[in-house]
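Observations on the three-dimensional arrangement
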Amino acid sequence: MNTQALIDIANALVADGKGLLAMDESSSTCRKRFVEQGIEDTEEMRRAYRELLITTPRLSDSVSGLILFDETIHQAKKDGTPFVEVIVKAGMIPGIKVDLGAKPLAGHPGETVTEGLDGLRARLQDYHRLGARFAKWRGVINIGDGIPSTASIAVNAHALARYAALCQDVGLVPIVEPEVLMDGAHSLARCSEVTEKVLHAVFAELNIQGVLLEGMLLKPNMVTSGADSAEQADVHAVAAATLDTLLRCVPAAVPGIAFLSGGQSPALASAHLNDMHQGRVLPWALTFSYGRALQQPALNAWNGEAANVAAAQKELEQRAALNRAAVQGRYTAGMEPK
Ligand code: 13P
């Protein structure tokens, strides 16, 4: 393991107030987003959409790295230039989602375990050869009546740590993503309690399995009220609860934390991130690794039409710049496009 190389990549991904663009939707998730929008779902349309995202002018002013899906990392621009080459030339770092999805957990209705550990070392080596320098694995935790169970937290934490150790062995920086879903009517306090339990379990497993904390990043959920809760915590309460929880659980040796957006609107995801950067001294860089909250305005503007590419790219550039402003604590609602 080249420890210094891992540390350098992890730090580069969270430097200068930049964050990550998660564009690693599986083909079935991408289909879902296209269908919602009335966009035809073909491999060529997915390629065209990903080309639009990757070639967005000035994206690298705000984005350090892009998380790709297996199909995408093998694709190229219309002119034949491989996407990986385009990303590197633009000064960004290519990454890859390597888990094979959350599958039903035996004996635990309503809960999942993320699969993909079998044969993972060889797949990671292939991705490294293709140019990826970091990876992502998402464990999913559901809040509900009597859940999450101890079992679902334990198996997902274990898998995340096994994945992270393998990544570091082959020279990829692991992004460790334990996502506590927003789905449900639970309170902010309940989300905080579950997130804390999950993060403690994850860092205990990372420690058992010898993962180098300096050479990884954490991608957690923010601590929010459940999406269906009648009582929605305000921006400041979400920011405060999220920071309190992370400060209790995430060792200072971890160079950076990059949030998922989890279904928050683009503006709210920026506002929350900005509020976390109002003067509290933090031991790690704190940034974004949004999927929907970065892509949605661009996807709406594109709508599957080649004529809309420039307008869609403008939306993505703007959204990324607003999130960089949030990381610098200078985002305001007034900066939102009218
Ligand atoms: P969202 O920001 O849309 O939650 O996606 C981030 C991600 O990578 C989920 O795994």
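Scope of this entry: the structure provided in the associated data block. Computed from a predicted model, the values in this text were never measured in an experiment.

Conventions adopted
- Within any chain, residue numbers begin from 1 and follow the written order of that chain's sequence.
- Two thresholds apply to this predicted model, a pLDDT of at least 70 for residue-level local features and 80 or more for giving and counting side-chain atom pairs, whereas whole-chain, interface and lining totals are computed over all residues.
- The side-chain figures draw on all heavy atoms in the structure; neither hydrogens nor water molecules are used.
- In this description, a line fitted to the C-alpha atoms serves as the axis of each element, helices being fitted only across the stretch in contact, and the angle between N-to-C directions of two axes falls anywhere from 0 to 180 degrees.
- Only DSSP runs of H or I with at least four residues qualify as helices, and only runs of E with at least two residues qualify as strands; both kinds are numbered from the N terminus onward.
- Orientation labels follow simple angle bins: below 35 degrees gives roughly parallel, above 145 gives roughly antiparallel, 65 to 115 gives roughly perpendicular, and whatever is left gives oblique.
- Whether a crossing is left-handed or right-handed is set by the direction in which the near helix is turned from the far one by less than a right angle, anticlockwise for left-handed and clockwise for right-handed.
- Contacts: residue pairs with any heavy atoms within 4.5 Å of one another.
- Side-chain classes are defined by residue name, with Ala, Val, Leu, Ile, Met, Phe, Trp, Tyr, Cys and Pro counting as nonpolar, Asp, Glu, Lys and Arg as charged, and the others, Gly among them, as polar.
- In this analysis, rings of Phe, Tyr and Trp, with Trp reduced to its six-membered ring, are considered paired at centre separations within 6.5 Å, and the interplanar angle assigns stacked below 30 degrees, edge-to-face beyond 60, and tilted for intermediate values.
- For every residue, the accessible area obtained with a 1.4 Å probe (protein chains only) is divided by the maximum for its type, and the residue is called buried under 20%, exposed over 50%, and partly exposed between those limits.
- Here, a strand pair is defined by DSSP locating no fewer than two bridges between the strands.

1. Digging into the packing of helix α2 (residues 27–37) against helix α11 (residues 292–302)
Helix-helix packing is characterised by the crossing angle of the two axes and by the distance between the axes. One way to put it is that α2 packs onto α11 with a least axis distance of 11 Å and a crossing angle of 45°. The orientation of α2 relative to α11 falls into the category oblique. Crossing of α2 over α11 shows right-handed handedness. Contact residues: Arg33, Phe34 and Gln37 in α2; Arg292, Gln296, Leu299, Asn300 and Trp302 in α11. In terms of residue class, the contact of α2 with α11 is made up of three nonpolar, three polar and two charged.

2. Describing the environment of Met92
For Met92, the position within the fold is in the loop between α5 (83–89) and β3 (93–97). In this structure the C-alpha to C-alpha distance between Met92 and Gly65, which are 27 residues apart in sequence, comes to 5.1 Å. Excluding its chain neighbours within four sequence positions, the residues that come into contact with Met92 are Ile54, Leu59, Ser60, Val63, Ser64, Leu66 and Ile87.

3. Here's the deal with the packing of aromatic side chains
Going through the model one piece at a time under the given rule, you end up with five aromatic pairs. Measuring from ring centre to ring centre gives 5.8 Å for Phe34 and Tyr49, while their planes differ by 80°; the resulting arrangement is edge-to-face. On the criterion of sequence distance, the pair formed by Phe34 in helix α2 and Tyr49 in helix α3 (residues 43–54) is long-range, its members being 15 residues apart. Residue Phe34 is classed as buried on the basis of its relative accessible area, which comes to 0%.

4. Observations regarding the sheet that holds strand β2 (residues 63–68)
Spatial ordering of the closed barrel is given by β1-β2-β3-β6-β7-β8-β9-β10, a layout of eight strands whose pairing is parallel. Across four bridges, the pairing between strand β9 (residues 256–259) and strand β10 (residues 285–290) is parallel. Across the sheet, Ile257 pairs through a bridge with Leu286, a residue of β10.

5. What to know about the pairing of β2
Burial analysis of β2 places six of its six residues in the buried class, which makes it a mostly covered element. Pairing analysis gives four bridges linking strand β1 (residues 19–22) to β2, with the strands arranged parallel. Across the sheet, the residue bridging to Gly19 is Val63, located in β2. Relative to β3, β2 runs parallel, the two being bridged by four bridges. Within β3, the residue paired with Leu66 across the bridge is Pro94.

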